[in-house]
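# Structural description and commentary
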Amino acid sequence: MKRSDELRTFFRSWAILLTVVSAVHAADKPSSTDDPAVAEQLAVIARVGPLGAGSSEARIARDALARRGPEILPALLVAMDTRNVVAVNWYRTLFEEIVSRESAQESIQQTRAFLLEYARDARRTSRPRCLALALIERNEPGFTATWIADRLGDPEFGYEAVAHALAAGEQALRDKNTVLAKSEFRKAFEYARDGNQVSQAAAKLKTLGESVDAVKHLGLVVDWWLVGPFEAPEKTGFALVFEPEQRVDLAATHSGKDGKSIGWIRHHASDKLGQLNLIDAVATTREAVAYAYAEIEVPQAQSVQVRCGADDNCTIWLNGRKVFGREQWLNGTRFDRFITPITLSAGKNTFLVKICQGPQHRDPEVPNPWSLQLRLCNAEGRGIVFRPISPNPDDERAQ
Amino acid sequence: MSSSIKLQSCLMLSLVIATATYVQAENWPGWRGPQRTGVTTDTGVPTTWSSTGNVLWKTSLPGTGISNPVVWQDRVFITAAEGRDQSELHVLCLDRDSGRIRWHQRLWGTAPTVFYYPKSGLASPSPLTDGERLWVFFGTGDVFCFDLDGGLLWQRALADEYGPFENRFAAASSPLLFQDTVILQCDHYGASYVIAIDGNTGANRWKSDRPEAWLSWSSPQLTQVDDRFELVLSGSEKLDGYNPVTGQRLWTVRGLVRECVPTPVLGAGLVFVVSGPNGAHLAVKPGGSGDVTETHVVWRNDRGTSFVPSPIVVGERYYLVDDKGIASCLSTSDGKLLWRKRLTGKFTASPVAADGKLFFTNESGSTLVLDAAADEYRELACNELGEDVYSSPAISQRRMFLRTTKHVVCIGTK
């Protein structure tokens, strides 16, 4: 070989190696295999993207890797720790094919320590963690049920851990061990971030004579000032601007639907998950808009999330600045439907929320709800601590 | 008759029988069968069955779903979804004769949503095959293409590419095959669109935005006017015709109500569309351009419409059962009511027809068999399967394939 050819070959090899390394690096997933051929094929799959790009190359790489055995499972799991969900599915078809082979079972057992460590690692993306756990479960039926109990607070397994605590509490009740039952339900309540789980744990504790505050736990805003209904024909309500959007004056009266004079009223949402029913609180009506206003106080400035659901649509102003708006008629008020990051100021913060009411379906039996649910929490869904303020319209002109 | 003539006659008869058998052994390649109308030329499907009688096999399914089984020769394809956020997706291939699982692919959905309808989960759209490839679409917005042995060929994560599906019950529209493109109607709260994807590569052929569209779970339909193909989309409050080659909108008919689920059906040169809960049935002459509401609506009937089940046309009759079980038969030519009857139970599944019979399956798994040749309501049988059914049946090769809430059940005679 000539010197120039040698150099060309040398540089080409380096170029290939660099391409592989950069592709793997770009996908944020270092390979755990020492075999460069495996790393290169994983990197080919990592390059699949939108519009079906890279699929035919991925198929070739996938088929080549499918001829390997369980020794590549750790590398596959590491490769799966990526936000490229298309690539993840390519890896997964490969993973499933390898683990389904009868001959692979013993070798899989040898990777148990890696699988367990991987499943434990909450820094990794959720789905491959579940896959690692499922593989242990496949060889050790019943493992998950006991392991999951310690995963309270885990972003992926936390829900199941709370469900486990709730089930353990129920079992303790059946065993007439109320001390243990209370302990399990308390634990479930403390770690629950899902509305249903919070309600369930709270109800169980109540039957055991222990009172907990689900509203505070979730950071639900339940004390409101309301005004409405404003006239908003058909589906114009989301775009129409009424006086409260320009200035909130709790002592003011406004011209409402059908020319009626409307003013702000105080309302406490007594629903156990803080859902505000505007039909009960404001009016049974259609093609209208209502506003809800609340003031809260926090000790220091902080970044939090406002999580809300409303029927219909939802627009939120924080301290006079619009922070969220979504036009979705018939969207339904569902727990944590919309999540928006916001920054609260130290001291007083004001929330103004606009909720529309759409036209009645031509069938009068079709329900037409009008409601709002709004809470303030951290990124993990735990309600933040705040103090509701009750502004006095006689001596305070809000905002 | 000489022996040679006898032999010739026997051979001819054998050929006729063989040909007839071949012609009648039709596949069920996607949502609502070979023409997306619920009708097949297949014959010999049993008229009677029970939870055990005429049940050839029964195979358990993971998770939930209301996609209908798809049948191609000796393979049956079905989808399902499960998990707290329904992000665990399943694609299964069963053996037509035994129900044995030939392959089972497990995948993750790109944009899992907690906002799905418990009855259907995120596996509402039915699979689609051309005999070489299988395309599946899920409520997560993911489209997968496999070869018939289960090998992944490509995936599109539409929710990642064009925004998450914001839809009360998750996307439910079933893919349509036009030549070598897979067409998907993606109507939802967010930016709605219709997209044509190269069936071989997954690349876009075209994408047409539908900014005025809103919630809809209806599946696209294909019709032909002279030598022009038209893609027909039933969306909230209107019906649109598109050029399936370019994605250009051709015509619009107004007058539907919000939230359309049923798929338009074809017959007598017309497109029949059902318009949302308590809307109207419309018979529309395809073709034209622009707003053809005043010129192309042949008839309109404001009574007896369904929210979910699609209609079916057999001969000159148009049949529909609404969600509460009121069945109607209208004349295709003028929309006049021929008969109306309250059936037992509630309905989610759409009716199917074969061999001069109509099959209406209710949510309790009871299938009413009606005579499609009769001018009046004529019941032939009522078969109890003993399991809840929300999915529309498939008919292929003298068998019916019913997806219950737990199984795929194959009904036929041995």
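Residues numbered from 1 in each chain as written. Chains lettered and ligands numbered in written order. Predicted model: local features only at pLDDT ≥ 70, side-chain atom pairs only at ≥ 80, totals over all residues. Heavy atoms only, no water.

### Comments concerning the overall build of chain B
Rule in force here: Strands here mean DSSP runs of E at least two residues long; helices mean DSSP runs of H or I at least four residues long; both are numbered from the N terminus. Throughout, the radius of gyration refers to the C-alpha atoms, and the reference size of a globule is 2.2 Å times the residue count to the power 0.38. Categorising residues by exposure relies on relative accessible area from a 1.4 Å probe, with only protein chains included: less than 20% of the type maximum marks a residue as buried, more than 50% marks it as exposed, and the intermediate range marks it as partly exposed. The contact definition used throughout considers only heavy atoms, calling two residues in contact when any of these lie within 4.5 Å. Note on areas: Shrake-Rupley with a 1.4 Å probe; residue coverage comes only from the protein chains shown. In this tally, Asp and Glu contribute negative charge and Lys and Arg positive charge; neither His nor the terminal groups of the chain are included. By convention, the charge on Lys lies at NZ, on Arg at CZ, on Asp at CG and on Glu at CD.
Looking only at helices and strands, chain B has 3 helices and 34 strands in total. In terms of overall dimensions, chain B is globule-like: its C-alpha atoms have a radius of gyration of 21 Å, near the 22 Å expected for 414 residues. Referenced to the eigenvectors of the C-alpha coordinate spread, the extents of chain B come out at roughly 70 × 50 × 45 Å. Relative to its 414 residues, chain B shows a buried fraction of 64%. Sequence separation of at least 24 residues holds for 53% of the intrachain contacts in chain B that already meet a minimum separation of 6. Accessible surface, chain B as shown: approximately 14,800 Å² in total, 51% of it carbon and sulfur. Both charge centroids of chain B, one from 39 positive and one from 43 negative side chains, sit 5 Å from each other.

### A few points about the sheet that holds strand β14 (residues 204-209) of chain B
Note on sheets: strands pair through backbone hydrogen bonds, and any given pair is parallel or antiparallel. Residues and elements named next belong to chain B. The condition is simple: For two strands to pair, DSSP has to find at least two bridges joining them. Helix axes are fitted to C-alpha atoms over the stretch in contact, other axes to C-alpha atoms as well, and angles between N-to-C directions run from 0 to 180 degrees.
Taken in spatial order, the 4 strands make up an open sheet running β11-β12-β13-β14, and their pairing is antiparallel. Each of the sheet's edge strands pairs with one partner strand only, and the pair in question is β11 (176-178) and β14. Sheet twist, expressed as the mean angle between neighbouring strand axes with direction ignored, is 20°. Bridge count between β11 and strand β12 (residues 181-186): 3 bridges; the pairing is antiparallel. Note that in β12 the partner of Leu177 across the bridge is Val182.

### Side note on the interface of chain B and chain A
So the rule is basically this: Once two parts are joined, some of their accessible surface, as seen by a 1.4 Å probe, is lost; buried area is that loss totalled over both. For this document, the term salt bridge refers to a Lys or Arg side-chain nitrogen within 4 Å of an Asp or Glu carboxyl oxygen. Pairing of N or O atoms within 3.5 Å defines a polar contact, subject to two protein rules: one partner must be a possible hydrogen donor and the other a possible acceptor, and residues neighboring in sequence count only if both atoms are side-chain atoms. Under the scheme applied, nonpolar residues are Ala, Val, Leu, Ile, Met, Phe, Trp, Tyr, Cys and Pro; charged residues are Asp, Glu, Lys and Arg; polar residues are all the others, including Gly.
In this complex, chain B contributes 39 residues to the contact, which on the side of chain A involves 34 residues. Of all residues in chain B, B:Arg84, B:Trp108 and B:Phe115 bury the most surface against chain A, accounting for 25% of the area lost on that side. Where chain B packs against chain A, one counts 4 salt bridges. The salt bridge partner of B:Arg84 is A:Glu160, with a shortest N-O separation of 3.4 Å. At the junction of chain B with chain A, the criterion picks out 13 residue pairs in polar contact (both at pLDDT 80 or more). Element by element, the count of residues in the side of chain B that touches chain A is highest for strand β10 (residues 152-157) of chain B, at 6 residues. Here the side of chain B that touches chain A is built from residues that sort into 15 nonpolar, 11 polar and 13 charged.

### What to know about the pattern of salt bridges
If you walk through the whole model with that rule in mind, you get 56 salt bridges over all chains. Ionic pairing is found between A:Asp35 and A:Arg68, a salt bridge with its closest N-O pair at 2.7 Å. Of this pair, A:Asp35 sits in the loop between α1 (3-26) and α2 (36-46) while A:Arg68 sits in the loop between α3 (55-66) and α4 (73-80), and the two are 33 residues apart along the sequence. Owing to a relative accessible area of 26%, A:Asp35 belongs among the partly exposed residues under this scheme. Taken together, the shared-partner salt bridges connect A:Arg59, A:Arg62, A:Asp63, A:Glu97, A:Arg101 and B:Asp147 into one network.

### Some details on the state of the cysteines
Where two cysteines share a covalent bond between their sulfur atoms, that bond is called a disulfide. The test is simple: Whenever a pair of cysteine sulfur atoms sits within 2.5 Å, that pair is classed as a disulfide.
Under the defined criterion, the tally for this structure stands at 0 disulfides over all chains. Looking at A:Cys377, it has no disulfide partner, and the nearest cysteine sulfur is the one in A:Cys308, 11 Å off. For A:Cys377, a relative accessible area of 0% translates into the label buried. Here B:Cys329 is not cross-linked by a disulfide; its sulfur's nearest cysteine counterpart is in B:Cys382, at 19 Å. When its relative accessible area of 0% is taken as the criterion, B:Cys329 is described as buried.

### As for the domain arrangement of chain A
Residue and element names in this part refer to chain A. The test is simple: Throughout, the edges of the domains are those of an automatic or database domain assignment.
Domain boundaries assigned for chain A yield domain 1 (3-141), domain 2 (158-212) and domain 3 (218-389). Computed over C-alpha atoms, the centres of domain 2 and domain 3 are 31 Å apart. Taken residue by residue, the interface counts 6 residues in domain 2 and 9 residues in domain 3. Surface buried jointly by domain 2 and domain 3 totals about 540 Å² across both partners, of which 56% is contributed by carbon and sulfur atoms. Area buried by domain 2 at its contact with domain 3 is led by Arg193, Gly195 and Ser199, which between them contribute 75% of it. For Glu190, the salt bridge goes to Arg382, with nearest N and O atoms at 2.9 Å. On the surface where domain 2 and domain 3 come into contact, there are 1 residue pair in polar contact (both at pLDDT 80 or more). The greatest single-element share of the side of domain 2 that touches domain 3, amounting to 3 residues, is contributed by helix α12 (residues 195-207). Residues of the side of domain 2 that touches domain 3, tallied by class, amount to 1 nonpolar, 2 polar and 3 charged.

### Considering the sheet that holds β10(B)
Spatially, 4 strands are ordered β7-β8-β9-β10 (chain B) in an open sheet, and the strand pairing comes out antiparallel. The sheet terminates laterally at β7 (128-129) and β10 of chain B, the two strands that pair on one side only. In the packing of helix α5 (residues 85-100) of chain A onto the sheet, contacts are made with β9 (142-147) and β10 of chain B, and the angle to β10(B) comes to roughly 150°.

### Section: α3(A)
To be explicit about the condition: Working rule for helices: expected span equals 1.5 Å times residues minus one.
With 12 residues, α3(A) extends 16 Å between its outermost C-alpha atoms, agreeing within 8% with the 16 Å of an ideal straight helix rising 1.5 Å per residue. Taken together, the buried positions of α3(A) are occupied by A:Ser55, A:Ala58, A:Arg59, A:Ala61, A:Arg62, A:Ala64, A:Leu65 and A:Ala66. Buried residues in α3(A) make contact with α2 and α5 of chain A together with β9 and β10 of chain B.

### Re the packing of helix α7 (residues 112-120) of chain A against helix α8 (residues 126-139) of chain A
All names here are of chain A. To keep things clear, this is the line we draw: Should an angle fall under 35 degrees it is taken as roughly parallel, and over 145 as roughly antiparallel, whereas 65 to 115 is taken as roughly perpendicular and any remaining angle as oblique. Handedness of a helix crossing follows the sense of rotation of the near helix relative to the far helix, less than a right angle counterclockwise being left-handed and clockwise being right-handed.
Between α7 and α8, the shortest axis-to-axis distance is 8 Å and the interhelical angle comes to 140°. What the angle tells us is that α7 and α8 run oblique. Two packed elements cross with a definite hand, and for α7 against α8 that hand is left-handed. Contact residues: α7 offers Arg112, Leu115, Leu116, Tyr118, Ala119 and Arg120, while α8 offers Pro128, Arg129, Ala132, Leu133, Leu135 and Ile136.

### Thoughts on the packing of aromatic side chains
Heads up, the rule is: In summary, the pairing rule links any two rings of Phe, Tyr or Trp, Trp by its six-membered ring, whose centres are within 6.5 Å, and it sorts them by plane angle into stacked for under 30 degrees, edge-to-face for over 60 and tilted for everything else. Think of it as a cone above the ring: NZ of Lys or CZ of Arg counts as a charge over the ring if it is within 6 Å of the ring centre and within 35 degrees of the ring normal.
Per the counting criterion, the structure on display carries 23 aromatic pairs over all chains. A centroid spacing of 5.2 Å and a plane angle of 40° characterise the contact between A:Phe324 and A:Phe338, whose relative ring orientation is tilted. Residue A:Phe324 is located in strand β9 (residues 321-326), and its partner A:Phe338 is located in strand β10 (residues 338-344); the two are separated by 14 residues in the primary sequence. A relative accessible area of 8% places A:Phe324 in the buried class. Its relative accessible area of 5% is what places A:Phe338 among the buried residues. A connected cluster of aromatic rings, assembled from ring pairs, spans B:Phe77, B:Trp103, B:Phe138, B:Phe144 and B:Phe146. A cation over an aromatic ring shows up here: A:Arg92 above the ring of B:Trp108, its NZ or CZ 4.3 Å from the ring centre. A cation sits over an aromatic face here: B:Lys207 above B:Tyr162, 4.4 Å from the ring centre.

### As for the nonpolar core
As a reminder, the rule being used: Within this scheme, the nonpolar core is defined by two criteria: the residues are buried Ala, Val, Leu, Ile, Met, Phe, Trp, Tyr or Cys, and they are joined through side-chain atoms within 4.5 Å.
Grouped together as the largest cluster of nonpolar side chains are 62 residues, with contacts concentrated most on A:Leu76, A:Tyr91, A:Phe95 and B:Phe146. It is α5(A) that provides the largest number of residues to this core, a total of 9 residues. Setting aside its immediate chain neighbours within four residues, A:Phe95 contacts A:Leu73, A:Leu76, A:Leu77, A:Met80, A:Leu131 and A:Leu135. Core analysis: the second largest hydrophobic core is formed by 56 residues, A:Leu152, A:Leu208, A:Trp224 and A:Ile316 among them.

### So, the side chain of B:Arg403
All names here are of chain B. Structurally, Arg403 is set in strand β33 (residues 399-403). Of the side chains bearing the opposite charge, Glu387 lies closest to the buried Arg403, which forms no salt bridge; the N-O distance is 9.5 Å. Among the polar contacts made by the side chain of Arg403, one reaches the side chain of Ser67 at a distance of 2.9 Å. A distance of 2.8 Å separates a polar atom in the side chain of Arg403 from the backbone oxygen of Thr79. In this structure Arg403 touches Leu61, Thr64, Gly65, Ile66, Ser67, Pro69, Ile78, Thr79, Ala80, Val389, Ser391 and Val408, once residues within four positions along its chain are discounted.

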